[in-house]
Amino acid sequence: MALRAAVLHHIRVPVQTLRLKTNPCAPSGSIRLMSSHDDHLTKEEVVDRVVSVIKSFPKVDPSRVTPEVHFQKDLGLDSLDNVEIVMALEEEFKLEIPDKEADKIDSCNLAIEYIHNHPLAS
């Protein structure tokens, strides 16, 4: 810690002040920075896309897929099919689901909740 303080004491970095145009509608001094993740998916979008992914799975009868469907009990899928569905959802939403979480996703509803609450889902 003492070494860090000594080094920082000897390093001088010029600082420039940025002048921002003020927005007359915004309170003075407030700035809202936007990121690419501000446009988070709505629950309806997630439901539609998850249901679509499951309906397109080869071993699934699309007429039986609803947002509440259980992969094994209602669709007769096995654990390997479950893994393949989670992988398809990862690809669809451009995210990576850790194995511990992926093992818990055994229904459409759980997939929807996980993806909707994931900050990087797109």
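Residues numbered from 1 in each chain as written. Predicted model: local features only at pLDDT ≥ 70, side-chain atom pairs only at ≥ 80, totals over all residues. Heavy atoms only, no water.

### Considering the overall build of the chain
Summing up its helical and strand segments, the chain has five helices and zero strands in all. For the chain, the α and β elements follow one another from N to C terminus as α-α-α-α-α. Of all 122 residues assigned to the chain, the portion counted as buried reaches 28%. Partitioning the contacts of the chain with sequence separation of at least 6, the portion at a separation of at least 24 is 55%. (Helix = DSSP H or I, 4+ residues; strand = E, 2+ residues; numbered from the N terminus. Buried < 20%, exposed > 50% of the residue type's maximum accessible area, 1.4 Å probe, protein only. Contact = heavy atoms within 4.5 Å.)

### A short note on a nonpolar patch on the surface
Together, Leu80, Val83 and Met87 line one region of the surface with nonpolar side chains, adding up to about 290 Å² of accessible area. Along the chain, methionine 87 falls in helix H3 (residues 79-93). (Patch = residues over 30% accessible without salt bridge, like charges linked within 9 Å, V, L, I, M, F, W, Y side chains within 5 Å. Areas by Shrake-Rupley, 256 points an atom, 1.4 Å probe, with all protein chains shown as cover. Salt bridge = Lys/Arg side-chain N within 4 Å of Asp/Glu carboxyl O.)

### Here we look at the environment of serine 63
Turning to its location among the elements, serine 63 is positioned in the loop between helix H2 (43-55) and H3. A polar contact of 3.0 Å, which involves the side chain of serine 63, links it to the side chain of aspartate 61. (Polar contact = N/O pair within 3.5 Å; in protein donor to acceptor, adjacent residues only side chain to side chain.)

### Overview of the confidence of the model for the chain
Interpreting fine coordinate detail is not advised for predicted regions of low pLDDT. Put simply, the chain has an average pLDDT of 81, and 68% of its residues get 70 or more. Low confidence marks residues 30-38, where pLDDT is under 50. Its contacts with residues over four positions away, or in another chain, come to five contacts. (pLDDT = per-residue confidence, 0-100.)

### Considerations on the side chain of histidine 118
With respect to the secondary-structure elements, histidine 118 resides in the segment after helix H5 (108-117). Aside from chain neighbours lying at most four places away, what touches histidine 118 is His40, Leu95 and Glu96.

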